[in-house]
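Summary of the model geometry
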Amino acid sequence: MKPISEVQIAGPGLAAVDVVAGDEETAAAAVQALCALWWSSGPSRPWRVPGQAGVRMRAYVDIRREPDGTCV
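Let me sum up the structure you'll find in this document.

What counts as what
Residues numbered from 1 in each chain as written. Predicted model: local features only at pLDDT ≥ 70, side-chain atom pairs only at ≥ 80, totals over all residues. Heavy atoms only, no water. Pairing = 2+ DSSP bridges. Helix = DSSP H or I, 4+ residues; strand = E, 2+ residues; numbered from the N terminus. Contact = heavy atoms within 4.5 Å. Axes fitted to C-alpha atoms, helices over the stretch in contact; angles between N-to-C directions. Salt bridge = Lys/Arg side-chain N within 4 Å of Asp/Glu carboxyl O. Buried < 20%, exposed > 50% of the residue type's maximum accessible area, 1.4 Å probe, protein only.

Some thoughts on the sheet that holds strand β1 (residues 14-21)
Strand order across the open sheet formed by three strands is β1-β3-β2, with antiparallel pairing between neighbours. Two strands in the sheet have a free side with no partner beyond their single neighbour: β1 and β2 (39-40). Here eight bridges tie β1 to strand β3 (residues 55-62), and the two strands are oriented antiparallel to one another. Note on β3: the bridge partner recorded for L14 is D62. Here helix α1 (residues 24-35) sits on the sheet in contact with β1, β2 and β3, set at roughly 5 degrees to β3.

Here's the deal with the pattern of salt bridges
With the rule as written, the count across this model stands at three salt bridges. Its salt-bridge partner being R58, residue D18 comes within 2.6 Å of it at the nearest N-O pair. Of this pair, D18 sits in strand β1 while R58 sits in strand β3, and the two are 40 residues apart along the sequence. Classification of D18 by relative accessible area gives partly exposed; the value is 40%.

Structure follows, in structure tokens:
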């Protein structure tokens, strides 16, 4: 997975969220739950880090907006 760039989290309310879980299904469910709260990129493809437990997924979120795009 590529490192998070400054552009992706450049403003207030923007965040990158990495989820680590024991399996892809759990990671996907956790990221989907986060993405249901805010405007998001949706889940990334899963990836693993050699020598570390678990599978990882990432989402970029804008916590200033509801999932339908309205501002909070």
